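One letter stands for each residue in the lines below.
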Amino acid sequence: MKKLKIVALIMGLCVVFSSCSTWNNMSKTGQGAIIGTGGGAALGAIIGGIAGNAGIGTAIGAAVGAGTGAIIGNRMDKVKKQAQEQLKNAEVETVKDNNGLSAVKVTFNSGILFATNKYDLNDNSKIELNNLANIMRQNSDVSIDIKGYTDNTGSDKINNPLSLNRAQSVANYLTQNGVPYAQLKNVQGYGASNPVASNETAEGRQQNRRVEVYLYASEKMIKDAEAQSKQ
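Residues numbered from 1 in each chain as written. Predicted model: local features only at pLDDT ≥ 70, side-chain atom pairs only at ≥ 80, totals over all residues. Heavy atoms only, no water.

### Examining the packing of helix α5 (residues 66–86) against helix α10 (residues 219–229)
Alright, step 1. Following both chains from N to C, one finds α5 and α10 inclined at 120 degrees, their axes separated by 8 Å at the closest point. The orientation of α5 with respect to α10, classified from their angle, is oblique. Judged by the twist between their axes, the crossing of α5 over α10 is right-handed. Residues G67, T68, I71, I72, R75 and M76 of α5 form the contact with α10, whose participating residues are M221, I222, A225, E226, Q228 and S229.
Alright, step 2. In terms of residue class, the contact of α5 with α10 is built from 6 nonpolar, 4 polar and 2 charged. (Axes fitted to C-alpha atoms, helices over the stretch in contact; angles between N-to-C directions. Helix = DSSP H or I, 4+ residues; strand = E, 2+ residues; numbered from the N terminus. Parallel < 35°, antiparallel > 145°, perpendicular 65-115°, else oblique. Left-handed = near helix turned anticlockwise from the far one by under 90°. Contact = heavy atoms within 4.5 Å. Nonpolar A, V, L, I, M, F, W, Y, C, P; charged D, E, K, R; others polar.)

As structure tokens, this is what we get:
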């Protein structure tokens, strides 16, 4: 029954995409994740393509109190420290999610993870991603979003599926190394959109070719923090 519902949703999305080009351009791994397991991560990649970059964070439907926010901030500081200590080839920074709560953004330059125009992970990248998987296994109440980007070289027809496939490769590797699918909430590809540097220089294009991993409070973490704040 779940498979039928998912296939029906995909068919509906095809109407939105006019020829289902996003589905056709997706890797077989990405397609299989949707149909074979109902993986929320891969499905989120398609929905994210419709909705655009809507930010990160669990939809909780209510404002988070200051006490709860402080507890979560403390916890995410510890996650950030773990990432800084264990990830040697990534930029780690604190950001805010949609609820105004502290979250951690980990940015990998695509060159660290992939060969040019490829989405197969290289051997060096697996060391970093093994460490990231280890962090996530230790923090099972932290949710994950993965966003892939390219520079503006080439067309959207090439860049959009490449960015999605790269994000999905990272997601697949994490789940193969013990991170539950349920922990990955959104896996999205944005192509050349949202550049962080100028595409007019080689250095800027290198910065724009990246995979961003966001670590943020799950609904469980928020509920547990709320209960703790009332004690």
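### What to know about the confidence of the model for the protein
Alright, step 1. In the predicted model, the protein carries a mean pLDDT of 80, and 76% of its residues have values of at least 70.
Alright, step 2. Note that residues 1–54 has pLDDT below 50 and, in this model, 61 contacts with residues that lie over four places away or in other chains. (pLDDT = per-residue confidence, 0-100.)

### Focus on the side chain of D151
Alright, step 1. Following the sequence through the fold, D151 ends up in the loop between β3 (142–149) and α8 (156–176).
Alright, step 2. A polar side-chain atom of D151 sits 2.8 Å from the main-chain amide nitrogen of T153.
Alright, step 3. Among the polar contacts listed, one links the side chain of D151 to the side chain of R209, at a separation of 2.6 Å.
Alright, step 4. Beyond its immediate chain neighbours, meaning those up to four positions away, D151 contacts N159, A192, N199, R205, N208 and R209. (Polar contact = N/O pair within 3.5 Å; in protein donor to acceptor, adjacent residues only side chain to side chain.)

### Points about the nonpolar core
Alright, step 1. With 36 residues, the main nonpolar core has V106, I146, V170, V213 and L215 as its most contacted residues.
Alright, step 2. Secondary structure elements with two or more residues in this core: α5, β2 (102–109), α7 (123–138), β3, α8, β4 (184–189), β5 (210–217) and α10.
Alright, step 3. With near-sequence residues (within four places) excluded, I146 lies in contact with A167, V170, A171, L174, L184, N186, V187, Q188, V211, E212 and V213. (Core = buried A, V, L, I, M, F, W, Y, C linked by side-chain atoms within 4.5 Å. Buried < 20%, exposed > 50% of the residue type's maximum accessible area, 1.4 Å probe, protein only.)

### So, the pairing of β5
Alright, step 1. Among the 8 residues that make up β5, 8 are buried, leaving the element largely enclosed by the rest of the structure.
Alright, step 2. Here β2 pairs with β5 via 6 bridges, running antiparallel. Residue pairing in the sheet places T107 in a bridge with E212 of β5.
Alright, step 3. As paired strands, β3 and β5 are joined by 8 bridges and run antiparallel to one another. Across the sheet, the residue bridging to K147 is E212, located in β5. (Pairing = 2+ DSSP bridges.)

### A look at the pattern of salt bridges
Close approach of charged atoms allows side chains of opposite charge to pair.
Alright, step 1. Scanning all chains against the criterion turns up 6 salt bridges.
Alright, step 2. Across the pair E212 and K105 runs a salt bridge whose closest N-O atoms are separated by 3.5 Å. A residue pair is termed long-range when its members are at least 10 positions apart, and E212 in strand β5 and K105 in strand β2 qualify at 107 residues. K105 shares its class with E212; the two are buried.
Alright, step 3. Measuring nitrogen to oxygen at the nearest pair gives 2.6 Å for the salt bridge that ties D151 to R209. Of this pair, D151 sits in the loop between β3 and α8 while R209 sits in the loop between α9 (202–208) and β5, and the two are 58 residues apart along the sequence.
Alright, step 4. Exposure remark for R209: the relative accessible area of 29% places this residue in the partly exposed category.
Alright, step 5. Connected via shared salt-bridge partners are K105, R210 and E212. (Salt bridge = Lys/Arg side-chain N within 4 Å of Asp/Glu carboxyl O.)

### Focus: the packing of α5 against α7
Alright, step 1. In the contact formed by α5 and α7, the axes pass within 10 Å of each other and the chain directions differ by 160 degrees. Between α5 and α7, the crossing angle belongs to the class labelled roughly antiparallel. Of the two elements, α5 crosses α7, and the hand of that crossing is right-handed. The residues of α7 that touch α5, namely those facing V79, Q82, A83 and Q86, are E128, N131, N134, I135 and Q138.
Alright, step 2. The residue inventory of the contact of α5 with α7, partitioned by class, reads 3 nonpolar, 5 polar and 1 charged.

### A closer look at the sheet that holds β2
Alright, step 1. What the 5 strands build is an open sheet, ordered β1-β2-β5-β3-β4; its pairing is mixed. With one partner strand each, in any of the chains shown, β1 (91–96) and β4 form the two edges of the open sheet. Across the sheet, the mean angle separating the axes of adjacent strands is 20 degrees when strand polarity is ignored.
Alright, step 2. Across the sheet, α5 is in contact with β1, β2, β3 and β5; its angle to β2 comes to roughly 20 degrees.
Alright, step 3. Along the sheet, α8 contacts β3, β4 and β5; its crossing angle with β4, the most-contacted strand, is approximately 150 degrees.

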